[in-house]
Amino acid sequence: MSLLLKFETKSNRVKGLAFHPKRPWVLASLHNGVIQLWDYRMGSLIDRFDEHEGPVRGVNFHRSQPLFVSGGDDYRIKIWNYKLRRCLFTLLGHLDYIRTVQFHNEYPWIVSASDDQTIRIWNWQSRTCISVLTGHNHYVMCASFHPKEDLVVSASLDQTVRVWDIGGLRKKTVSPGGEDMLRIPQMNSDLFGGGDAVVKYVLEGHDRGVNWASFHPSLPLIVSGADDRQVKLWRYNESKAWEVDTLRGHTNNVSCVLFHARQDLIISNSEDKSIRVWDMSKRSGVQTFRREHDRFWILQAHPEINLLAAGHDGGMIVFKLERERPAYSTHGNLLYYIKDRYLRIFDFATQRDTPSISIRRTGGAGTNTGPKTLHYNPAENALLITSDAEGGSFELYILPKEAARGDTTPEAKRGLGVYAVFIARNRFAVLDKASSTIQIRNLQNEITKKCAPPCATTDAIFYAGTGMLLCRSEDKVTLFDIQQRSTLAELSTPSIKYVVWNSDMSMVALLSKHAIMVADKRLQNAQTVHETIRVKSAAWDDSGVLVYTTLNHIKYCLPNGDSGIIRTLDAPLYLTRVTGNIIHALDRDGKNRQLQVDVTEYMFKLALLQRKYDQVIQMIKSSSLCGSAIISYLQQKGFPEVALHFVRDERTRFNLAVQCGNIEVALQSAQELDDKDTWYKLGVEALRQGNYQIVEFSYQKTKSFERLSFLYLITGNLEKLRKMLKLSEMRGDVMGRFHNALYLGDVREQLRILEESGQLPLAYVCAASHGLDEEAERIGQNLTELPDLPSKTGLLMPPTPILKEDNWPLLTVSKGFFETLAAKGKTEAGGTAAANIKAVGTAAAAAASLDETAMEGAGWGDDLDLGLGAGAGPTADAEEEGEAGEEGGWDMEDLELPADVVAEAAAAAASSASGPFVAPAPGPSACQKWLEKRTQMAAEHAAAGSFSSAMSLLHRQLGVASFEPLRTYMLDLYTAAQAVLPCVAGAPCLVSHLDRSHNHEAASQAPSKPSLLYSLAQLEEQLKVAYKLVTEGKFSEALKVFTRMLHIIPLTVVEGRKEVDDVKELLAICKEYHIALRCEMKRKELREDDAARAMELAAYFTHCNLQPVHLALSLRSAMSIFFKAKNLATCAHFCRRLLELNLGAKVVEQARQVLTACEKSPTDATRINYDPRNPFDICCITFTPIYKGSKFVEDPYTGARFQPDCNGQISPLGDFVRIGADASGLLISPTQVR
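Nothing here was measured: the structure is a model prediction, and the numbers come from that model.

1. Digging into the overall build of the chain
Next, step 1: When helices and strands are counted, the chain shows 34 helices and 61 strands.
Next, step 2: When the accessible area of the chain is evaluated, it comes to approximately 60500 Å², of which 50% is carbon and sulfur surface.

This is the structure in C-alpha cells:
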C-alpha cells in the first residue's frame, strides 16, 4: 500500500528527525554532519547548520524557545538558536558517540544517550550536567523523557529497556539552592551515577540489542524495537512493568518504533526497507510501506497533528497514514458530511447539526480506507460514498424520508469502482479502472449500460451536468457526453483532484495539488492560478468569485484569473459555502466552522472587471481600501485614474496623474512637491499632450532657459523670444544670447554679440554673408587677413509664424467616469493652482469646459442644424410638455434626489455632451499579460523583458550566482520575442509582441506565451557540431560549443515530459564532455617533465561517459602515453578496455600487441593517483578523482561533483552556477510544475 506522501527530500543518510511543535518545520540531521531545517509545507530548505564533525544522530526542538539541540559522533551536544542561525554553546562530557538528545517539556533539561553506556541529564540554562544515569553495560541507543511524569526510558544493546525515576532530581532542582547542592557530588556522580535518578524497571525480553523505546503520550505503555526483528509492547504501574505482547513481521533490525500521537497505532521502521503500522488494540499489522533501495533509520511523530517523518539512506519523507479531508456535499441550505461513522446533516440557516444514519467503516484505523467522496442526489434522496477499500469501492444509500435517528443503518448497495458520481435522477456512473470502462447503474445497483472512457488513461470521473462527465487522464480533462459517447471539449491540466461548479453550472473550478483552473461549462476561457503550497478546497460565492483555501490561507480567484489573500488560517479548512462575507467550512475534526471575512478587496476588483463604476466609487467612499497592493493592481490593470482616489502621498499621486494623463492633478501635486525633477516630468507630459502653457510654466520653475527659448521658437511667440534675449544679456550668457538672436533672425544682434565676444572673423563672415557691407568693411579694417567667404551661402533665418494659438490643437473627447469625478473633487477642493498660475489655470479650464454650445459659433453651426424647425428646439418641447400637464393626463411629480447625486449626473452629462468619442485607457502590454500567467520558466520572463524575475528564478532553481555569461542570451530572447514594424518617416516604429501560441484563424486572441528563440532542435544541431569538432581534435572550439549549450539549456522551454528527459540527457552529455575536454586541455598545458600528472589526466579522460568513437580515441591516447612512460600494468588495463569496444581490425591488432608486451612485465614505473577498479568522479577544478564514499559538493545545475574545498566557488561548467548552492532543480516545462 502507499502512504500519503506530503514532502520528500533527497540527501545523505538521515539519522535524526524533529518536528517543530508549532511551525511547519522539520529538522533532519545527516550522516555527513549537516543539519537541515526544512519547511515541509512549502517544500523549501530554510537553513543548514554544519559545525559538527562527523554524523549527527540526534536533534530536538525546544517546545517554546527558538532553540534546538543536536548530538553527534564528535561527542558534543550543541544548542542552537535558529533565529540567530548559530550555535550558542556546546556541552562536553560524553566519551563516545551521542545517539539521541531531547529537551524536557517543562524544565530546562536535556537528556542524552551515548555509546559510553551512560545517559546524562543537562541543565541547558546553567550549561552543566546535573545527573549521570549508569547501569547499561552496552551502547545506549536512545533515551527520552516521559511527556508528563518524572520518568526516563532508555534502550541499549545490552538487550534491556530501562525506566528511570528522576523525581529526586526534580525535587533537588526546584528546591532553593538546588543547583549548589548538585555541584558538590559532581565528581562522584560522574564516576558512579547519582542517587537522584534511579532505575525503576528493567524490561528484559528481547533476544538482541534494543535500538529504540518510546513512552505512550498518555497511557502507561512503552513500545520497543530491537535487532531480534521484534516490536514489543510493555505496560507498567507504580510497582512493576511487564510485557503485553510481541509484534512480528519485520525481516531485519527494527530501527525505531513509536506510538501515534492521535490514534491507537504503533509505527515502526526497519533496515528491511519498510515502515509498518500496527493496530494497538488488535496487536496486528494493518499497513506496510516499502522502499526499493533505502533502509529506514529514524521515525518521528508530530506532537500536535497527524504527520509522521521517516529518515532513510537517501533522505527523508513526511507523510500521513490516512486522509483527513471529510467527505461532504452541499445542496441548497443543507450540508451532508460524514463524521465518526455517521452521516450528519447541517442546516446553514438554523445552524442545526443532526446525525442521520450510521455508515459502515471499512478497514481499520490508519488504513486510509475511510470515505473519500460523498455525492448527494436530491431527486431520490440518495447518497453515493466512495473509498479506497478493496482497491476502490462505493456504497449507495437511500436516505429515509422521515427524520431518522442517527443509529439507523439503511441497507447499502456496494460495488467496486475507483470513482462513482450521479449523472441523472436515477442513474450514476462508476469508473471501473480494471476493465477501463464507465458503468451506468440504476438505483438498484444494476448495470444498465457500459461505455469506454474518452481516454484509455482515464483514472477519475467528476459530475459535469445531467448525462455529462469530466474525465481526468494523465495531463488533461475531457468533457464527455455519456448519451452520445462523444468528447465535447478538452483542457490541458495538471492532475485534477476536485471539481467545483457554481450554482447555475456556468463556471467550473478544477483543483489540482498546486494549481486552480477556472473555466466555463464548455472548458473555454480557462484561467490558471498557481500556488506554491497545497490547494485544499474551493466554493463559489453569489457574485461569481471563487473562494478557495490552501494549507494556511483563504484566497479568492476572479473570473479573469486574478487572485489574492482574504485571510490566514491556523489550520486547514474545507469550504462548504460562501454567502456574502460569511464563509462556512469544515475542519479536519469534522466540526462546522463559520468565519466572517472582509470581501471588499475582491468585490472592488470584480466591480472594476465588470465595469460597474458606480459600485467602485461607492466602495472608494465607504471603505478603507488602501495600500500599495491595490494601487499597483490598478496601475497594472490600466486604471491609474482610479488609484488617484486612494493616494494621499503627493509624489505617488503625481506619478499616477502623469501615468493616466491627468495634467490638472499632476500640476496640483507638482506645486505641493515643488522640486526640479517633478517640474521636469510635468513639462515632458504636458509637452506630450500639447499643453504648452504648462510646459512653459514647468520650464520657468526649473530655469530651463534653453528649453524655453526653443519652445517659444516652435510656438511662434516672438515677443517672449525677445524677452529671453534680454534675459540672456542680463545673465551674461553669451551662447544663450546668440541662440535667441538666431531664433529671432536678428542679424545685427548676432554681429554685436560676436564682436563683443572677440570673434571678429566670424562677425566679418556673418556681416558679409547677410549683405551688411558697411559693417563688414568696418570689421575688416581690424583684421590683418580677411577670411575666405564660401561661394554658396544659406542664411539662418527662421520662418515667420503664420498662426499663433494658446495651445496646440487638441482632440475633443468626453472625460471618463473617474476623470469627471476627479474634476468635481478638484472644484470642491478650491483653486490653489489657478491662483498661483493665472494664465495657465484659465487656459486649462477653458480647454476642459469646451462643449457643443461653444462649437456652434466655431464654423460647425450650419452643419449641426438638421432643419427640423423651431418646434424641435428645447423651448418648444418644454411648452408642449407644459400643456399636457395642464390637462392632468400624466401625474409628473418632482423627485427629491440627493444633491450629490444630481451634481454627479450633471457633471457626467456635461462631460459626455462634448462628443461621442471616448479615448480608451491604455491596457496592459503583451509582456505584462505573459507574466500574468505566473510562469515559472526563466526563459519566458526574459522574453517578456522581466530580467530581474528571470534572474531570481534561475538563482532559486539552479543556484546561478553570475549572470554575465547569460546576459547575451537573455537579451537575444527578449529581442526575438518582438517584431518591429517601420512606419512613415518621422514616426516611431511599432513594436509587436510575438506569441508562440498564436492562432492565425482566431478572430482575437489574448497573449499567453512569448515566442522563444531557443529550442530542443537547435540544441541537438549544436551537439552534432560539437561531436564533429571533438572527432577532429579541435578541443577548444568544441568546449566553446558545449559551454554555449550549458548557457542555453536553462533558457529553453519544451512542452512534453519526453522533451524534458531529452534536454536532461543533453545536459548530462554536456557535463561529461565539458569535464573530459578540460582534463585533456589541462594535460596539454603541462610541462614535459610532469609525466606523472599527464598520465593522471589522460587516465581521467577515459573515465568520462563519451561516445564510443571518442572513448576509443581517449583510450588509444592513454595507452600510448602509459606505454611510453613504462606504466605497463595500467596500460594493460586500457588495452583490455579497447578490446571490449567494437573497433576496426587495425586498432584491435595494435591493442593486442601492446597488451602482450605489457603482460610480460605488468608493473608501473611511476606511481600515480589513479585506481581503475574504484568508481570515481572528476573534480574539474582540482582535476583529482572523488572516489566512491568520499565527501563532495555538487554543482546544482549539472550535478558535477567537486572536492569539499571548492564549496562556494563558481562552477567552471559554464562559469555561472555556485557550487554547493541550494537549488530546486532545472525547470524548463510546464509539465514539471504539475
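2. With respect to the sheet that holds strand E2 (residues 14-19)
Next, step 1: Sheet architecture is open: four strands sit in the order E2-E3-E4-E5, paired in antiparallel fashion. The sheet is open, and its two edges are formed by E2 and strand E5 (44-49), each paired on a single side. With direction set aside, neighbouring strand axes in the sheet form an average angle of 20 degrees.
Next, step 2: Direction of pairing for strand E4 (residues 35-39) relative to E5: antiparallel, over a ladder of five bridges. Residue Leu37 lies in a different strand from E5, and its bridge partner there is Asp47.

3. A few points about the packing of helix H31 (residues 1091-1101) against helix H32 (residues 1108-1124)
Next, step 1: Contact geometry of H31 with H32 gives a least axis separation of 9 Å together with a crossing angle of 155 degrees. What the angle tells us is that H31 and H32 run roughly antiparallel. Note that H31 runs across H32; the crossing there is left-handed. Contacts from Met1095, Ala1098, Ala1099 and Phe1101 in H31 reach Ser1114, Ala1118, Ile1121 and Phe1122 in H32.
Next, step 2: A class-by-class count of the residues in the contact of H31 with H32 yields seven nonpolar, one polar and no charged.

4. Side note on unusual backbone geometry
Next, step 1: Of note, the phi angle at Ser436 is positive, near 55 degrees, even though the residue is not glycine.
Next, step 2: With respect to the helices, strands and loops of the structure, Ser436 is situated in the loop between strand E38 (427-432) and strand E39 (437-442).
Next, step 3: Looking at Ser436, the relative accessible area reads 30%, which means it is partly exposed.
Next, step 4: Positive phi is not limited to glycine here, since Asn445 has a value of about 65 degrees.
Next, step 5: As for its placement among the helices and strands, Asn445 is situated in the loop between E39 and strand E40 (447-451).

5. So, the confidence of the model for the chain
Next, step 1: Scored by pLDDT, the chain has a mean of 83; 86% of the residues are at 70 or more.
Next, step 2: Here residues 178-193 is modelled with pLDDT under 50, and outside its nearest four sequence neighbours on either side it reaches 21 contacts, counting other chains as well.
Next, step 3: Confidence drops under pLDDT 50 across residues 911-916; counting only partners more than four residues distant or on other chains, this segment forms 11 contacts.

6. Regarding the pattern of salt bridges
Next, step 1: Counted according to the given criterion, the structure contains 48 salt bridges.
Next, step 2: Residues Arg752 and Glu756 are paired through a salt bridge, measuring 3.2 Å at the closest nitrogen-oxygen approach. Here Arg752 and its partner Glu756 are both found in helix H15 (residues 747-756), four residues apart, which amounts to about one turn of the helix.
Next, step 3: Overall, Arg752 belongs to the partly exposed group, its relative accessible area being 32%.
Next, step 4: Its salt-bridge partner being Arg1201, residue Asp1177 comes within 3.3 Å of it at the nearest N-O pair.

7. Some points on the sheet that holds strand E34 (residues 382-387)
Next, step 1: The strand order across the open sheet formed by four strands is E33-E34-E35-E36, and the pairing between neighbours is antiparallel. Strand pairing shows two members of the sheet lacking a second neighbour, strand E33 (371-377) and strand E36 (413-416), which therefore form its edges. Averaged over all adjacent pairs, the angle separating strand axes in this sheet is 20 degrees, with direction ignored.
Next, step 2: In terms of strand pairing, strand E35 (residues 393-398) meets E36 through four bridges, oriented antiparallel. Counted as the bridge partner of Phe394 is Gly415 from E36.

8. Let's talk about the state of the cysteines
Next, step 1: Within this structure, the stated rule accounts for zero disulfides.
Next, step 2: Just so you know, Cys451 is unpaired, no disulfide at all, and the nearest cysteine sulfur is the one on Cys471, 8.1 Å from it.
Next, step 3: Residue Cys451 is classed as buried on the basis of its relative accessible area, which comes to 4%.

9. Notes on the packing of aromatic side chains
Next, step 1: Here the structure, examined in full by the defined rule, presents 32 aromatic pairs.
Next, step 2: For the ring pair Phe215 and Tyr236, a centre distance of 6.3 Å and an interplane angle of 70 degrees mean the geometry is edge-to-face. Of the two residues, Phe215 is situated in strand E18 (residues 210-215) and Tyr236 in strand E20 (residues 230-236); the sequence distance between them amounts to 21 residues.
Next, step 3: Each ring, one from Phe947 and one from Tyr974, has its centre 5.9 Å from the other, and the planes form 75 degrees; the classification is edge-to-face. Of this pair, Phe947 sits in helix H26 (residues 947-958) while Tyr974 sits in helix H27 (residues 964-976), placing them 27 residues apart in sequence.
Next, step 4: Using a relative accessible area of 33% as the deciding quantity, one classes Tyr974 as partly exposed.

10. What to know about the nonpolar core
Next, step 1: Core analysis: the biggest nonpolar cluster contains 98 residues, and Phe1042, Leu1051, Ile1075, Phe1134, Tyr1197 and Phe1202 have the highest contact counts within it.
Next, step 2: In terms of residue count, helix H30 (residues 1057-1085) provides more of this core than any other element does, 11 residues in total.
Next, step 3: Apart from residues lying up to four places away in sequence, Ile1075 is in contact with Cys1104, Ile1178, Cys1180, Ala1200 and Leu1213.
Next, step 4: Leu247, Phe259, Met280 and Leu307 belong to the second largest nonpolar core, which has 58 residues in total.

11. A short note on the pairing of strand E50 (residues 546-550)
Next, step 1: With respect to burial, E50 is a largely interior element, five of its five residues being buried.
Next, step 2: What you see with E50 is no split at all: Leu546, Tyr548 and Thr550 on one side and Val547 and Thr549 on the other are buried throughout.
Next, step 3: Examined bridge by bridge, strand E49 (residues 535-540) and E50 share five bridges and lie antiparallel to one another. Pairing of Ala539 across the sheet is with Val547, part of E50.
Next, step 4: Following E49, the chain reverses through five residues before pairing antiparallel with E50; Gly544 in that reversal takes a positive phi of roughly 90 degrees.
Next, step 5: Where E50 meets strand E51 (residues 553-557), four bridges bridge the pair, whose relative direction is antiparallel. When the bridges of E51 are listed, Val547 appears paired with Tyr556.

Calculation notes
- In this numbering scheme, every chain counts its residues from 1 along its sequence in written order.
- Per-residue local features are limited, in this predicted model, to residues with pLDDT of at least 70; the limit for side-chain atom pairs, both in listing and counting, is 80 or more; totals at the level of whole chains, interfaces and linings are taken over all residues.
- Derived side-chain values reflect all non-hydrogen atoms in the structure, with water molecules and hydrogen atoms excluded from consideration.
- Numbered from the N terminus, helices here are DSSP runs of H or I no shorter than four residues, and strands are runs of E no shorter than two.
- A 1.4 Å probe and the Shrake-Rupley method give the accessible areas. Residues count as covered only by the protein chains that appear here.
- By this definition, two strands are paired if DSSP reports at least two bridges between them.
- Interaxial angles span 0 to 180 degrees and are taken between N-to-C directions of axes, which are lines fitted to C-alpha atoms, for helices over the stretch in contact.
- Roughly parallel refers to an angle under 35 degrees, roughly antiparallel to one over 145, roughly perpendicular to one between 65 and 115, and oblique to any angle outside these ranges.
- Two helices crossing with the near one rotated counterclockwise from the far one by less than a right angle form a left-handed crossing, whereas a clockwise rotation gives a right-handed crossing.
- Contact definition: two residues touch when any of their heavy atoms are within 4.5 Å.
- For this classification, the nonpolar set comprises Ala, Val, Leu, Ile, Met, Phe, Trp, Tyr, Cys and Pro, the charged set comprises Asp, Glu, Lys and Arg, and every other residue, Gly included, is treated as polar.
- Relative accessibility thresholds used throughout: buried, under 20% of the residue-type maximum; exposed, over 50%; partly exposed, between the two (1.4 Å probe, protein chains only).
- As a per-residue quantity, pLDDT reports the predictor's confidence and falls between 0 and 100.
- Any carboxyl oxygen of Asp or Glu that lies within 4 Å of a side-chain nitrogen of Lys or Arg is treated as forming a salt bridge with it.
- Our working definition of a disulfide is a cysteine sulfur pair at a distance within 2.5 Å.
- Ring pairs shown here join Phe, Tyr and Trp side chains whose ring centres sit within 6.5 Å, with only the six-membered ring taken for Trp; geometry is labelled stacked below 30 degrees between planes, edge-to-face above 60, and tilted in between.
- For our purposes a nonpolar core is just a set of buried Ala, Val, Leu, Ile, Met, Phe, Trp, Tyr and Cys residues, chained together by side-chain atoms within 4.5 Å.

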